Amino acid sequence: MLLPNLRHAVCSGFRTTGRTALQNPRTPLRQWLLQRGQNTVVAESGAARTPTAVSVPNAATDRTVGRWLVGCSGLVLGAVVLGGVTRLTESGLSMVDWHLVKEMKPPRSQAEWEAEFSKYQQFPEFKIMNRDMTLTEFKFIFYMEWGHRMWGRLVGLAYILPTVYFWKKGYFNRSMKTRVLGLCGFVFFQGLLGWYMVKSGLEEKPESYDVPRVSQYRLASHLGSALLLYCASLWTGLKLMLPANKLPETRQVLQLRRFAKGTGALVFLTALSGAFVAGLDAGLVYNSFPKMGDYWIPDDLMNFSPALKNFFENPTTVQFDHRVLAIGSLAAISGLYLFSRRLHLPRRAKIAITCLTAMAYTQVVLGISTLLLYVPTPLAATHQSGSVALLTFAIWVLAELRKVAK
C-alpha cells in the first residue's frame, strides 16, 4: 500500500506545480519591463507579488546630471575664450545697447546696419580711435560682440532648461537643488555683470585722453565670476561622474590634499590677474623676459599714490604681479608633481597631476612668447585659453584627491 500511495503523492505534486506555472507565466511585457530596469520592480514568490521601489536620485541619474554639468562647464569655457578674443580684437564696445530678446536678431538690411553704425559713432571709441572706420569694418567687430552675447544666452538655456527637466524627474536631492539654483542664478548675474562692464567703456570722460576701454575692475569681476561658475560646474560634475578614489588617510595624503588646494587657488589667482593685464593693455609695457627692460625690478613699479593703487592701475606693476604669480604657480605645480611621486596614488590621480604639470610648462611658454612677440591676437587668445585649461586640470586633480564621505 505504501508504494502506490507514494506514487500518487508524487504525481499529484507534479500536476500542481504544472498548473501553478501555467497560471503565472512570465509574459513578454513583464520580461521587457524587467530588462528595461524600471523604477519599480515586481518580485514573484509563488503566487505572491511584492513591489520594490528603486530610489531616485541614484547612481545612474547622478552620472547623467554630472555629464550635463560638465557639458555646461564646456560652454562656459567657450564663453571665456570668445570673450578673450572679443577683447583682443577691440570688439566689445561695438554694441551700445543691451536687450535680452531684441538684439538676438542682428541688422540685415543696409538701413539697419547704417542705423547701428550711427549709434556706435556717438560713443568715445569711435570718436577717439576709429574715426576712419568703414561700415564693413564695423560689421566685423559687431558680429564678434554679437556672437559673444548670443553664446552667453546659449549658456543660460543650457543651465535653466535641463534644471527644470531634472527637477521634475526627481534627479536632485535637497543639496543638489540648492546648488543648481545657485548656478542658474549665477548665470543671470554674469549677464548683468557683462553689460555693467561694457557700460564703463561707453562713458564720456572729458578729463581723460586715454584710449577708451572698459574698467579693469569690472573686467576682472566679469572674468572672475565666469571662472567661478566654470569651476563650480566642473567640480560638481566630476564628483557625480567619477567614483571617488579610496585613499588612505595618512599624513602624507593629507599634506598632498592641502598642497593641491593651495596650488589650485594660486592658479585661479594667476588667471584672474590676467584680466588686469588685459584691461590695462599691460602686456605692451615691457616686452622682454626674464628682465623688464634692463631691470629685474623696474623703476616705475610704485609710481602711483597711494601705493595700493599700483597693484590695480599701474600697467608696470600689473604685469610684474602677473609674472610673479605665473612663476609661483609653475613652482607650486612642479613641487606638487615631485611630492606626488613619493606616494602610491591611483592611476587617474597620477594622470591628472601629470597633465597639470605639462600644461603649466606649456602655459608659461605661451605667456613668454606672447610677451616677446608684442601680443599677437592668435597667440594671446591661445594663452588666455591655456589659463582655463590649466584651471581645468587643477580642478581634476582636486576631484581625484577628494576625501571619501563616510
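Scroll up to find the structure.
Because the structure is a prediction, the values reported are computed rather than measured.

Draft legend 1. Region of the structure containing unusual backbone geometry. With an omega dihedral of 10 degrees, the bond running from F289 to P290 counts as a cis peptide bond. Topologically, P290 is positioned in the loop between α9 (251-279) and α10 (310-313). In this structure, E90 is a non-glycine residue whose phi angle is positive, near 55 degrees. Structurally, the position occupied by E90 is in the loop between α3 (59-88) and α4 (110-120). The residue V375 is not glycine, and still its phi comes out positive at about 55 degrees. Structurally, V375 can be placed in the loop between α12 (347-372) and α13 (377-400). Among the residues examined, V375 registers a relative accessible area of 25% and is labelled partly exposed.

Draft legend 2. A look at α12. The end-to-end C-alpha distance of α12 is 38 Å, a good match for the 38 Å that 26 residues give at a rise of 1.5 Å each. When α12 is considered as a whole, its buried residues turn out to be A349, A352, I353, L356, T357, M359, A360, Q363, L366, G367, T370 and L371. Considering only its buried residues, α12 is in contact with α11 (315-340) and α13. Following α12 by one or two positions, Y374 has its phi on the positive side, about 60 degrees.

Draft legend 3. Main features of the environment of A260. Mapping A260 onto the fold places it in helix α9. Note on A260: relative accessible area 5%, which makes it buried. Expressed as a C-alpha distance, the spacing of A260 and Y337, which sit 77 residues apart in the sequence, is 9.8 Å. Ignoring any residue separated from it by four or fewer positions in sequence, one finds A260 in contact with L336, V397, L398 and L401.

Draft legend 4. Examining the nonpolar core more closely. In this structure, V65, W68, Y159 and F172 are the most contacted members of the largest nonpolar core, which totals 54 residues. Mapped by element, the contributors of at least two residues to this core are α3, α6 (135-169), α7 (174-202), α8 (216-241), α9, α11, α12 and α13. Look past the residues within four positions of W68 in its chain and what remains in contact with it is A158, Y159, P162, T163, F166, F172 and V180. W195, L202, L219 and L280 belong to the second-largest nonpolar core, a separate cluster that totals 16 residues.

Draft legend 5. Focus on the packing of α8 against α13. Relative to each other, α8 and α13 sit at 35 degrees, their axes nearing to 10 Å. The two elements α8 and α13 meet at a crossing, and its hand is right-handed. Between α8 and α13, the residues in contact are L227, Y230, C231, L234, W235 and L238 and V388, L391, T392, I395, W396, L398 and A399, respectively. Here the residues of the contact of α8 with α13 sort into 12 nonpolar, one polar and no charged.

Procedures and definitions
Residues numbered from 1 in each chain as written. Predicted model: local features only at pLDDT ≥ 70, side-chain atom pairs only at ≥ 80, totals over all residues. Heavy atoms only, no water. Helix = DSSP H or I, 4+ residues; strand = E, 2+ residues; numbered from the N terminus. Buried < 20%, exposed > 50% of the residue type's maximum accessible area, 1.4 Å probe, protein only. Expected span 1.5 Å × (residues − 1). Contact = heavy atoms within 4.5 Å. Core = buried A, V, L, I, M, F, W, Y, C linked by side-chain atoms within 4.5 Å. Axes fitted to C-alpha atoms, helices over the stretch in contact; angles between N-to-C directions. Left-handed = near helix turned anticlockwise from the far one by under 90°. Nonpolar A, V, L, I, M, F, W, Y, C, P; charged D, E, K, R; others polar.

This is a description of form; function is not addressed.
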